[in-house]
Amino acid sequence: MPSHLSADRPAAQPPRRGTVDALISQTRHLRGEVDAVRREAPVDDEDAQGRWQRALCNLALHQLNDLDAHLAQLRDGPPAAPVQLTDTPAAPAVPTAAPRPGSLLSRVGSAEWNLLTDEASWSGELYQILGRDASAPPLTLDELPSLVLDEDRPMLTTMVTDCLIDAKPIDGEFRIVRPDGGVRTVHMMGEPVLDADGGTASMWAVLRDVSELRRSQRTVGETRESLQRQQHAAETEHRLAVELQEAVLPPWRGSLRFPRQGPRALDVAAHYLPSSTSALIGGNWYDALELPDGETLLSVGDLTGHGVTVTSGMAMLLGALRGMAVAGTRPGQLLSWLNQLLDATVQPALGSAVCCRYRPETRTLSWAQAGHPAPLLFRDGTGRALAAPEGVLLGATSGAVYGQAEETLHVGDLLLLHTEGLMPRRSGSPHPDEAGSQGGTAAVRSLLDLAPRFDGARTAQDCVRMVVEEFGDTEREDDACVLIARIGS
């Protein structure tokens with residue numbers, strides 16, 4: 001219903017039909033694109049980011065549906081009033097189809113209140129929005145607040161008062177209670193209608209049921225807050241895992257020589273390679289420790305999983321490994337006891353490890369493995385994997401027994417220990433174990449191909465740099481460690 005305030009202005013010309021049709025076509029195309037994005041959004045209720053994405057898409061679809069209906073109204077114009085001739089009997093009224101429930105037309109109604117006659121007129125849609133019987137008389141401005149929630153009545157009263165007294169336009173929302181007890185949110189826009197003397201003669205308003213829109217917006221806000229909390233928790237967990245890992249792994253950088261003095265020293269260097277696809281910290285470790293009996297402990301391992309819990313479990317295993325090695329425990333027995341320790345923990349976990357003791361007097365390497373890639377031995381420009389003794393994953397079987405092997409090393413030999421995460425798993429593999437095995441085999445082949453370059457390296461640290469150059473840019477799903485020991489003269 002137009003306002004009398006604009007009666008002295010030239011009537012606005014309707015937009016060209018072709019222009020509006022083009023806008024409707026663009027809106028519907030965009031709606032289809034948004035709906036496609038919504039269908040592709042993750043449906044896992046535990047995924048906070050997926051819930052937030054779906055909520056945003058639903059809100060966008062809701063608003064695009066409204067825009068489509070608005071443009072259709074703009075194109076079609078207001079409904080034509082029936083022409084009635086004075087000398088022709090009135091034809092029976094033909095009932096018009098009621099707007100489809102939930103459509104835009106069923107959610108927008110209009111009203112006018114005449115202040116001079118105290119009469120009110122409501123559209124049929126407004127009766128539907130407020131849930132009132134269409135045969136009942138419309139409520140006056142004084143009666144309208146009876147439908148509004150107590151806490152929203154002052155706001156409605158203020159808006160109406162400002163409109164009638166100060167000629168301020170109405171633009172605000174309030175909640176109404178329908179006769180069936182349902183609560184709806186209504187957005188009201190209106191203006192005063194002035195008489196010839198400038199006084200307020202009546203007030204008109206358009207009321208829109210925005211309950212679903214506001215519900216969609218609340219869902220977007222709630223899912224956004226849930227996502228932010230999840231991201232904050234992930235960042236906190238990542239920071240704690242990094243701090244714990246840095247506190248546990250050996251602090252040395254560059255090369256170390258074991259023992260500190262002696263003609264047959266080991267030149268040792270190691271490096272940690274983080275995952276390139278995940279910010280989570282895994283349970284990979286490396287270690288090199290000079291033991292009281294003059295031997296040197298070399299080990300790498302991996303505890304399955306990511307996060308603070310796994311990193312703390314790795315710290316427990318590494319601490320136990322060091323303690324037992326200092327006490328003189330041989331590699332096979334050491335892994336058996338680590339398996340018992342992991343089997344007795346409150347949270348079940350699996351891990352792999354290789355544990356070596358190097359005796360410099362005889363250049364003998366004693367080693368054992370628990371479901372882990374065997375050490376690689378490089379000599380005279382070629383490389384091979386050592387024959388692995390028996391050993392299952394740590395935590396897989398109670399009372400497991402681990403075999404032990406020995407290897408005599410030569411001056412200039414290079415020993416390389418690594419975890420399985422150096423190469424990505426093959427995405428086409430149907431089984432994760434098979435995919436991991438293929439990735440480990442590919443990593444071993446790539447490492448063995450470095451043998452000619454290792455032969456020309458001067459230090460273990462130079463060899464580690466070559467490994468990092470080879471694997472540093474690889475799209476790894478997991479983190480990884482590499483440790484290299486060169487037999488000195």
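Cut-off values and rules
Counting from 1, residues in each chain are numbered in the order their sequence is written. Per-residue local features are limited, in this predicted model, to residues with pLDDT of at least 70; the limit for side-chain atom pairs, both in listing and counting, is 80 or more; totals at the level of whole chains, interfaces and linings are taken over all residues. Think of the side-chain values as coming from all heavy atoms in the structure, minus any hydrogens and water. Helix numbering and strand numbering both begin at the N terminus, where a helix is a DSSP run of H or I of at least 4 residues and a strand a DSSP run of E of at least 2. Buried residues are those whose accessible area, probed at 1.4 Å on protein chains only, stays under 20% of the maximum for their type, while exposed residues exceed 50% and partly exposed ones sit between those limits. Here, residues are in contact when the closest pair of their heavy atoms is within 4.5 Å. We get accessible surface area from the Shrake-Rupley algorithm with a probe of 1.4 Å; when it comes to residues, only the shown protein chains can shield them. Any two strands with at least two DSSP-identified bridges between them are counted as paired. Interaxial angles span 0 to 180 degrees and are taken between N-to-C directions of axes, which are lines fitted to C-alpha atoms, for helices over the stretch in contact. Planes of paired rings set the category: under 30 degrees apart is stacked, over 60 is edge-to-face and the rest tilted, where pairs are Phe, Tyr or Trp rings (Trp by its six-membered ring) whose centres lie within 6.5 Å. A helix is expected to span 1.5 Å for every residue after the first. What makes a crossing left-handed is the near helix being turned counterclockwise from the far one by less than a right angle; a clockwise turn instead makes it right-handed. Charged means Asp, Glu, Lys or Arg here, nonpolar means Ala, Val, Leu, Ile, Met, Phe, Trp, Tyr, Cys or Pro, and polar covers whatever is left, Gly included. When a carboxyl oxygen of Asp or Glu is within 4 Å of a side-chain nitrogen of Lys or Arg, the pair counts as a salt bridge. Residues belong to one nonpolar core when they are buried, are Ala, Val, Leu, Ile, Met, Phe, Trp, Tyr or Cys, and are joined through side-chain atoms within 4.5 Å. Pairs of N or O atoms within 3.5 Å make up the polar contacts considered here, provided that, within protein, one atom can donate a hydrogen while the other can accept it, and that residues adjacent in sequence are counted only when both atoms are side-chain atoms.

Quick word on the overall build of the protein chain
Thinking step 1. The secondary structure content of the protein chain amounts to 10 helices and 16 strands.
Thinking step 2. A burial count over the protein chain gives 42% of its 489 residues as buried.
Thinking step 3. Put simply, 63% of the contacts in the protein chain that link residues at least 6 apart link residues at least 24 apart.
Thinking step 4. Total accessible area on the protein chain is roughly 25900 Å²; 53% of this is exposed by carbon and sulfur atoms.

Re the sheet that holds strand S2 (residues 119-122)
In a beta sheet, neighbouring strands pair by backbone hydrogen bonds and run either parallel or antiparallel.
Thinking step 1. Reading across the sheet, the 5 strands line up as S2-S1-S5-S4-S3 and stay open at both edges, with antiparallel pairing between neighbours. The sheet is open, and its two edges are formed by S2 and strand S3 (170-177), each paired on a single side. Neighbour to neighbour, the strand axes of the sheet diverge by 25° on average, direction disregarded.

With respect to the sheet that holds strand S11 (residues 364-370)
Thinking step 1. Taken in spatial order, the 5 strands of this open sheet run S8-S9-S10-S11-S14, and their pairing is antiparallel. Either end of the sheet is taken by a strand with one partner, and the two such strands are strand S8 (282-290) and strand S14 (405-408). Within the sheet, the average angular offset between the axes of one strand and its neighbour, ignoring direction, is 15°.
Thinking step 2. Judged from the 7 bridges that link them, strand S10 (residues 351-359) and S11 form a sheet pairing that is antiparallel. Bridging across to S11, Ala-353 finds its partner in Ala-370.
Thinking step 3. Each of S8, strand S9 (296-306) and S10 touches helix H6 (residues 308-326); the most contacted strand, S8, lies at about 20° to it.
Thinking step 4. Contacts from helix H7 (residues 331-343) reach S9, S10 and S11 within the one sheet, and its direction differs from that of S11 by about 25°.

Let's talk about the packing of aromatic side chains
Thinking step 1. Applying the stated criterion to the full structure yields 2 aromatic pairs.
Thinking step 2. Taking the centre distance of 4.9 Å and the plane angle of 85° together, the rings of Phe-378 and Phe-454 count as edge-to-face. Taken together, the positions of Phe-378 in strand S12 (residues 376-379) and Phe-454 in helix H9 (residues 451-455) put the pair 76 residues apart, joining distant regions of the chain.

So, unusual backbone geometry
Thinking step 1. With a phi close to 60°, Asp-118 is a non-glycine residue in the positive phi region.
Thinking step 2. Within the secondary structure layout, Asp-118 lies in the loop between strand S1 (108-114) and S2.
Thinking step 3. When its relative accessible area of 57% is taken as the criterion, Asp-118 is described as exposed.
Thinking step 4. In this structure, Ala-167 is a non-glycine residue whose phi angle is positive, near 60°.

Description of the pairing of S12
Thinking step 1. Sheet analysis places S12 next to strand S13 (residues 382-385), joined by 4 bridges and oriented antiparallel. The residue bridging Phe-378 from the neighbouring strand is Gly-383, located in S13.
Thinking step 2. Here S12 folds back onto S13 in antiparallel fashion, the turn holding 2 residues, of which Asp-380 has a positive phi close to 55°.
Thinking step 3. The pairing of S12 with strand S15 (residues 414-418) spans 3 bridges and is antiparallel. Bridge pairing in S15 links Phe-378 to Leu-414.

Observations concerning H7
Thinking step 1. With 13 residues, H7 should reach 18 Å at 1.5 Å per residue; the first-to-last C-alpha distance of 18 Å fits that figure.
Thinking step 2. Residues of H7 that are buried include every one of Pro-331, Gly-332, Leu-334, Leu-335, Ser-336, Leu-338, Asn-339 and Leu-342, and no others.
Thinking step 3. The inward-facing, buried residues of H7 contact S9, H6, S10 and S11.

Regarding the packing of H6 against H7
Thinking step 1. Here H6 crosses H7 at 145°, and the two axes come no closer than 10 Å. Crossing handedness for the pair H6 and H7: right-handed. On the side of H6, the interface is formed by Met-316, Leu-317, Ala-320, Leu-321, Met-324 and Ala-325, while H7 contributes Leu-334, Trp-337, Leu-338, Leu-341 and Leu-342.
Thinking step 2. For the contact of H6 with H7, the per-class residue count stands at 11 nonpolar, no polar and no charged.

So, the pattern of salt bridges
Thinking step 1. All chains considered together, the criterion is met by 23 salt bridges.
Thinking step 2. Ionic pairing is found between Asp-21 and Arg-75, a salt bridge with its closest N-O pair at 3.3 Å. Pair noted here: Asp-21 is in helix H1 (residues 17-40) and Arg-75 is in helix H2 (residues 48-76), with a separation of 54 residues, a long-range link.
Thinking step 3. Among the residues examined, Asp-21 registers a relative accessible area of 31% and is labelled partly exposed.
Thinking step 4. Between Asp-66 and Arg-208 there is a salt bridge, with its nearest N and O atoms 2.2 Å apart.

So, the nonpolar core
Thinking step 1. In this structure, Leu-298, Leu-365, Trp-367, Leu-417 and Leu-483 are the most contacted members of the largest nonpolar core, which totals 25 residues.
Thinking step 2. Sorting the residues of this core by element identifies strand S7 (266-273), S8, S9, S10, S11, S15 and strand S16 (480-487) as the ones contributing at least two each.
Thinking step 3. Once residues within four sequence positions are removed from consideration, Leu-483 is found in contact with Val-268, Ala-269, Ala-270, Tyr-286, Asp-287, Ala-288, Leu-298, Ser-299, Val-300, Leu-415, Leu-416 and Leu-417.
Thinking step 4. Counting residues in each nonpolar core, the second largest holds 24 residues, with Trp-122, Ile-129, Leu-141 and Ile-170 among its members.

Side note on the side chain of Ser-123
Thinking step 1. Structurally, Ser-123 is set in the loop between S2 and helix H3 (124-130).
Thinking step 2. Residue Ser-123 is classed as buried on the basis of its relative accessible area, which comes to 14%.
Thinking step 3. Among the polar contacts listed, one links the side chain of Ser-123 to the backbone nitrogen of Ser-110, at a separation of 3.0 Å.
Thinking step 4. Setting aside residues up to four positions removed in sequence, Ser-123 forms contacts with Gly-109 and Ser-110.

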